Structure formats: structure tokens, C-alpha cells
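Per-entry structural report
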Amino acid sequence: MKKFIAFLQKICRRADYLLHHVAAEDIALLAFAILVHCLPWGWAMLAADGAAVFALLLKEVYDYFHPDSQSVELMDIESGLLAIAYVDVIIAAIFLFL
């Protein structure tokens, strides 16, 4: 638990990590909101997760090819994956318990 708390503190210290976190969350929620109208909610959630992970990886590829103004960091992807995970928990809770 201490490692998880330290991880969250590390994310909160840098604006770049928070921006990746918020962007991944927004992409996952927007994709889910669109896809849930044409797919079952479980498949819509998986497709939204895929879209958000793809966007995270695409941003890091962009960073890799622009080293003068950007930097590639694993923590950017980790903070985005954390956002996607708790979006999934919220979506699952809504559809399973309501």
C-alpha cells in the first residue's frame, strides 16, 4: 500500500503526469460514451480502453521523434493506465450495481 501511495504522490507532483492522467481518462470516457450506444457495455469499455491506450502510446511515439521539445517517460504511460483502470471500475460499478 505504501508503494501505491508513493506512486500517487509522484503523479501529483508533476503537471505532465497529471495531464497524461486526465487525457487518458477523458479519451476513455468519451470513447465509451460513444460506443455504448452500438455495443454491449463490456465490449464498449474494452474498445474505449484500447483507444485510450493507443492514444497514450501514440503520444510517447511522438515524444520519441521530437527529443528537442519532448521526453519519453514510462511514468506518463503509467499515470494514463491508472486513469483507465479507475474509469473501468466506475463503469463496471455503474452497469453491474445500478
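Residues numbered from 1 in each chain as written. Predicted model: local features only at pLDDT ≥ 70, side-chain atom pairs only at ≥ 80, totals over all residues. Heavy atoms only, no water.

It is worth spelling out the pattern of salt bridges at this point. Following the criterion strictly, the structure yields three salt bridges and no others. A salt bridge links Asp 16 to Arg 14; the nearest nitrogen and oxygen atoms lie 3.8 Å apart. With relative accessibility at 26%, the residue Asp 16 sits in the partly exposed group. Note on Arg 14: relative accessible area 35%, which makes it partly exposed. Its salt-bridge partner being Asp 63, residue Lys 59 comes within 2.5 Å of it at the nearest N-O pair. (Salt bridge = Lys/Arg side-chain N within 4 Å of Asp/Glu carboxyl O. Buried < 20%, exposed > 50% of the residue type's maximum accessible area, 1.4 Å probe, protein only.)

Our focus in this paragraph is the packing of helix H2 (residues 15–35) against helix H4 (residues 74–97). Taken N-terminus to C-terminus, the directions of H2 and H4 make an angle of 35°; their axes are 8 Å apart at the nearest point. Classified by chirality, the crossing of H4 by H2 is right-handed. Residue-level inspection shows Asp 16, Tyr 17, His 20, His 21, Ala 24, Glu 25, Ala 28, Leu 29 and Phe 32 of H2 in contact with H4, the latter providing Met 75, Asp 76, Ser 79, Gly 80, Leu 82, Ala 83, Ile 84, Tyr 86, Val 87, Ile 91 and Phe 95. The residue makeup of the contact of H2 with H4, split by class, is 13 nonpolar, four polar and three charged. (Axes fitted to C-alpha atoms, helices over the stretch in contact; angles between N-to-C directions. Helix = DSSP H or I, 4+ residues; strand = E, 2+ residues; numbered from the N terminus. Left-handed = near helix turned anticlockwise from the far one by under 90°. Contact = heavy atoms within 4.5 Å. Nonpolar A, V, L, I, M, F, W, Y, C, P; charged D, E, K, R; others polar.)

The next subject is the packing of aromatic side chains. Overall, the coordinates contain three aromatic pairs when judged by the stated rule. On the basis of an interplanar angle of 80° and a centroid distance of 5.8 Å, the ring pair of Phe 32 and Phe 95 is categorised as edge-to-face. Of this pair, Phe 32 sits in helix H2 while Phe 95 sits in helix H4, placing them 63 residues apart in sequence. Since its relative accessible area comes to 9%, Phe 32 is described here as buried. Looking at Phe 95, the relative accessible area reads 36%, which means it is partly exposed. With 5.2 Å between their ring centres and 80° between their planes, Tyr 64 and Phe 65 make a pair best called edge-to-face. Residue classification places Phe 65 among the exposed positions, given a relative accessible area of 57%. Taken together, the ring pairs in this structure connect Phe 32, Trp 41 and Phe 95 into an aromatic cluster. (Phe/Tyr/Trp six-rings, centres within 6.5 Å; stacked < 30°, edge-to-face > 60°.)

Given 3.6 residues per turn, any residue in an α-helix points the same way as the ones three and four places further on. Under the 1.5 Å per step criterion, the end-to-end length of H4 is 34 Å for 24 residues, consistent within 8% with the ideal 34 Å. Inspection of H4 places Met 75, Asp 76, Ile 77, Ser 79, Gly 80, Leu 82, Ala 83, Ile 84, Val 87, Asp 88, Ile 91 and Ala 92 among the buried residues, and these make up the whole buried set. (Expected span 1.5 Å × (residues − 1).)

Here the focus is the confidence of the model for the protein. Predicted coordinates in regions of low pLDDT should not be interpreted in detail. For the protein, the mean per-residue pLDDT works out to 92, and 100% of the residues sit at or above 70. Mean pLDDT values over the elements of the protein span from 85, in helix H1 (residues 2–13), up to 95, in helix H3 (residues 41–65). (pLDDT = per-residue confidence, 0-100.)

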